[in-house]
Amino acid sequence: MAVAYERIADELREAIRAGELKPGDKLPAESKLAERFRRSVPTIREALRALRDEGLIEKQHGRGNFVRRQRTSALRTNRRHQWEKNRAREPLAERAQTGATEHDTGLTVDDLVFHASYRKVEADKGLAEAFGLPEGTALLERTYRTRYAAESAPFSLVTSYLVHDLVARNPALLDESNEPWPGGSQSQLYTVGIELDRVEERVTARPPTPEEAAELELWPGTSVLALRKTSIDINDRVVDVSDVILPGDRTEMLFTTPLERW
């Protein structure tokens, strides 16, 4: 049987989900809620704490409790890779119209704030094994953050690795100021003669690190999806290894597998 604070949380939760309490609405004061539910203020605080832990409400210092505005969600499907490949050789004007984040969120280019940083690193044991290359091989590490302009947290934390000498054939690929590159990574690889054959994605769920939780602005108890994406070219060579950290509270992953017919 639910205890008193759980029943109160249930009623307020239902009011939020039904739209009776809308994003940005201020909840009644704790004393008013105590009168309404005929319970003590400490019991009301327990109920409100449960809703805050779920990310449904937020407490603003000196102002009270408000229904939290839900952040923009993303739907990431495995069909995005073929969509990117189809665009890789399109004219610049076509590629510049939209990118993967817009594809996943329904936002437009003008809605987004994008940041990229590059640096040259040496492959550690894990990355060397992923690429099938010796430890110490020079890699280009690329870090990406993209967010909705109306929000402060990025959609994901992306770190991508390319073999430095492979992409150095096109000096433009070594310059972070050329980001966001119209057409994305597959278009970049195309400029040095690389065509992808397949993309392997391995996904695990885990608690975030403190740094991840802070940057993604996660509420307590929210997990992240850790995705390792490995891109393999038509010569069966690993050409891109990316680690993507996705917030579990606003990311949906959809996998569609075409089946061969009998």
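- Looking up the protein in an unreviewed UniProt entry gives the name Transcriptional regulator, with the organism given as Streptomyces nigrescens.

## A look at helix H2 (residues 30-37)
In step 1: Within H2, the full set of buried residues consists of Glu 30, Leu 33, Ala 34 and Phe 37. Buried residues along H2 cover an arc of 105° about the axis, so they all sit on one side. Of the residues in H2, the exposed ones pointing more than 90 degrees away from the buried face are Lys 32 and Glu 35.
In step 2: If you follow the buried residues of H2, they end up packed against helix H1 (4-17), helix H3 (41-53), strand S1 (57-60) and strand S2 (64-67).
In step 3: Arg 38 sits one or two positions beyond H2 and adopts a positive phi of about 55°.

## Some words on the domain arrangement of the protein
In step 1: Domain boundaries assigned for the protein yield domain 1 (2-65) and domain 2 (72-252).
In step 2: One C-alpha centre belongs to domain 1, the other to domain 2, and the line joining them spans 39 Å.

## Thoughts on the sheet that holds strand S9 (residues 238-247)
In step 1: Taken in spatial order, the six strands make up an open sheet running S4-S5-S6-S9-S8-S7, and their pairing is antiparallel. With partners counted over all chains shown, the strands left at the sheet margins are strand S4 (112-122) and strand S7 (196-206), one partner each. Pairs of neighbouring strands in the sheet enclose a mean axial angle of 15°, with direction left out of account.
In step 2: Pairing geometry for strand S8 (residues 224-233) and S9, over nine bridges, is antiparallel. Residue pairing in the sheet places Arg 228 in a bridge with Asp 243 of S9.

## A few points about the packing of aromatic side chains
In step 1: Tallied over the entire structure, the rule returns one aromatic pair.
In step 2: Taken together, a centroid distance of 5.8 Å and an interplanar angle of 40° make the contact between Phe 114 and Tyr 144 tilted. Placement of Phe 114 in strand S4 and of Tyr 144 in strand S5 (residues 138-148) is noted, with a sequence separation of 30 residues between them.
In step 3: Owing to a relative accessible area of 11%, Tyr 144 belongs among the buried residues under this scheme.
In step 4: One residue, Arg 87, lies across the ring of Trp 83, its end atom 4.5 Å from the ring centre.

## Let's talk about the packing of H1 against H3
In step 1: Two numbers describe how H1 lies on H3: the axes approach to 8 Å, and their chain directions differ by 50°. By the angle between their directions, the pair H1 and H3 is classed as oblique. For the element pair H1 and H3, the recorded crossing hand is right-handed. When H1 is examined against H3, the residues Ala 4, Tyr 5, Ile 8, Ala 9, Leu 12 and Arg 13 are found in contact with a partner set consisting of Thr 43, Ile 44, Glu 46, Ala 47, Leu 48, Ala 50 and Leu 51.
In step 2: Class assignment of the residues belonging to the contact of H1 with H3 gives a composition of 10 nonpolar, one polar and two charged.

## What about the pattern of salt bridges?
In step 1: Summed over the entire model, instances satisfying the criterion amount to 18 salt bridges.
In step 2: With a shortest N-O distance of 2.5 Å, Arg 13 and Asp 10 are connected by a salt bridge. Of this pair, Arg 13 and Asp 10 both sit in helix H1, separated by three residues, roughly a single helical turn.
In step 3: Using a relative accessible area of 14% as the deciding quantity, one classes Arg 13 as buried.

## Regarding the pairing of strand S6 (residues 157-163)
In step 1: Among the seven residues in S6, seven count as buried, and that is most of the element.
In step 2: On S6, burial covers both faces: Leu 157, Thr 159, Tyr 161 and Val 163 on one face and Val 158, Ser 160 and Leu 162 on the other are all buried.
In step 3: Where S5 lies against S6, six bridges are found, and the strand directions are antiparallel. Residue pairing for S6: Glu 141 is matched across the bridge by Tyr 161.
In step 4: Bridge count between S6 and S9: six bridges; the pairing is antiparallel. Residue pairing for S9: Leu 157 is matched across the bridge by Ile 245.

Quick notes on the rules
Residues numbered from 1 in each chain as written. Predicted model: local features only at pLDDT ≥ 70, side-chain atom pairs only at ≥ 80, totals over all residues. Heavy atoms only, no water. Buried < 20%, exposed > 50% of the residue type's maximum accessible area, 1.4 Å probe, protein only. Helix = DSSP H or I, 4+ residues; strand = E, 2+ residues; numbered from the N terminus. Arc of directions from axis to C-beta. Contact = heavy atoms within 4.5 Å. Domains from an automatic or database assignment. Pairing = 2+ DSSP bridges. Axes fitted to C-alpha atoms, helices over the stretch in contact; angles between N-to-C directions. Phe/Tyr/Trp six-rings, centres within 6.5 Å; stacked < 30°, edge-to-face > 60°. Lys NZ or Arg CZ within 6 Å of the ring centre and 35° of its normal. Parallel < 35°, antiparallel > 145°, perpendicular 65-115°, else oblique. Left-handed = near helix turned anticlockwise from the far one by under 90°. Nonpolar A, V, L, I, M, F, W, Y, C, P; charged D, E, K, R; others polar. Salt bridge = Lys/Arg side-chain N within 4 Å of Asp/Glu carboxyl O.

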